[in-house]
Amino acid sequence: RVGTGLLGGLLNNEIREQEQLSYAAYAPLYDNLALGGALYASTTKPERVMELMVKQIEFVANNGIPVAYLPRFVSQFEISDLTERASAAGQARALGRAYLVYGDVAAVGAAFASLRAASASSLRVVAGRYIPSVQFIFMGDTARFRQFMR
């Protein structure tokens, strides 16, 4: 969860802010008790954006994610979670999730303890485990991406 958020921040900085190649560049997280992430960018220069995505993925895989970013991202997740739990329906989802994941409705905030415990080394281990299985999906002229296909 933290890794996907941090990778999204790196992508946004590199692709959108520094290179100005896209109106959107991010890494969404799909959290339905089985996490999944994605890298997304819309651009007129897909070859350059792919080079930058691969560069960021390799950076994270080889160096981990800068630990200095962790507290800010954990805080953002906590704020987002609290906002989602502001309604009765949100509270019900949070309680149900806590029960399914931890077997206890009192464990609503338990995920944040593990997020706060994340370290540069734990993120490097996770990156090493999951980044090699990254799969790319291209929409558009796939001939432009042959060099990135394995």
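Residues numbered from 1 in each chain as written. Predicted model: local features only at pLDDT ≥ 70, side-chain atom pairs only at ≥ 80, totals over all residues. Heavy atoms only, no water.

## A closer look at the overall build of the chain
And step 1. Looking only at helices and strands, the chain has six helices and four strands in total.
And step 2. For the chain, the proportion of its 150 residues judged to be buried stands at 31%.
And step 3. Nonlocal contacts in the chain, meaning residues at least 24 apart in sequence, comprise 54% of its contacts between residues at least 6 apart.
And step 4. With an accessible surface of roughly 9500 Å², the chain has 55% of that area assigned to carbon and sulfur atoms. (Helix = DSSP H or I, 4+ residues; strand = E, 2+ residues; numbered from the N terminus. Buried < 20%, exposed > 50% of the residue type's maximum accessible area, 1.4 Å probe, protein only. Contact = heavy atoms within 4.5 Å. Areas by Shrake-Rupley, 256 points an atom, 1.4 Å probe, with all protein chains shown as cover.)

## A word on the environment of S75
And step 1. Turning to its location among the elements, S75 is positioned in helix α3 (residues 70-84).
And step 2. It is 9.2 Å that separates the C-alpha atoms of S75 and F112, two residues lying 37 residues apart in sequence.

## Brief notes about a nonpolar patch on the surface
And step 1. A cluster of nonpolar side chains, L95, Y99 and V105, forms an exposed patch at the surface whose accessible area comes to about 280 Å².
And step 2. Mapped onto the fold, Y99 is located in helix α4 (residues 88-102). (Patch = residues over 30% accessible without salt bridge, like charges linked within 9 Å, V, L, I, M, F, W, Y side chains within 5 Å. Salt bridge = Lys/Arg side-chain N within 4 Å of Asp/Glu carboxyl O.)

## Remarks on the side chain of R85
And step 1. In this fold, R85 is placed in the loop between α3 and α4.
And step 2. Beyond its immediate stretch of four places on either side in the chain, R85 contacts G90, Q91, A94 and V108.

## A few points about the pattern of salt bridges
And step 1. Summed over the entire model, instances satisfying the criterion amount to four salt bridges.
And step 2. A salt bridge links R48 to E51, with the nearest nitrogen and oxygen atoms 3.3 Å apart. Of the two residues, R48 and E51 both sit in helix α2 (residues 46-63), three residues apart, roughly one turn of that helix.
And step 3. Note that R85 and D81 form a salt bridge whose closest N and O atoms lie 2.8 Å from each other. D81 shares its class with R85; the two are buried.
And step 4. A network of salt bridges, in which partner residues are shared, links E19, R48 and E51.

## As for α2
Given 3.6 residues per turn, any residue in an α-helix points the same way as the ones three and four places further on.
And step 1. Under the 1.5 Å per step criterion, the end-to-end length of α2 is 25 Å for 18 residues, consistent within 8% with the ideal 26 Å.
And step 2. Among all positions of α2, only P46, V49, M50, L52, M53, Q56, I57 and V60 are buried. Along the long axis of α2, the arc covered by the buried residues comes to 165°, so they all point the same way. (Expected span 1.5 Å × (residues − 1). Arc of directions from axis to C-beta.)

## Structural notes on the confidence of the model for the chain
And step 1. Mean pLDDT for the chain: 76, with 80% of residues reaching 70 or above.
And step 2. No element of the chain has a lower mean pLDDT than strand β2 (residues 29-31), which averages 60, and none a higher one than α4, which averages 87. (pLDDT = per-residue confidence, 0-100.)

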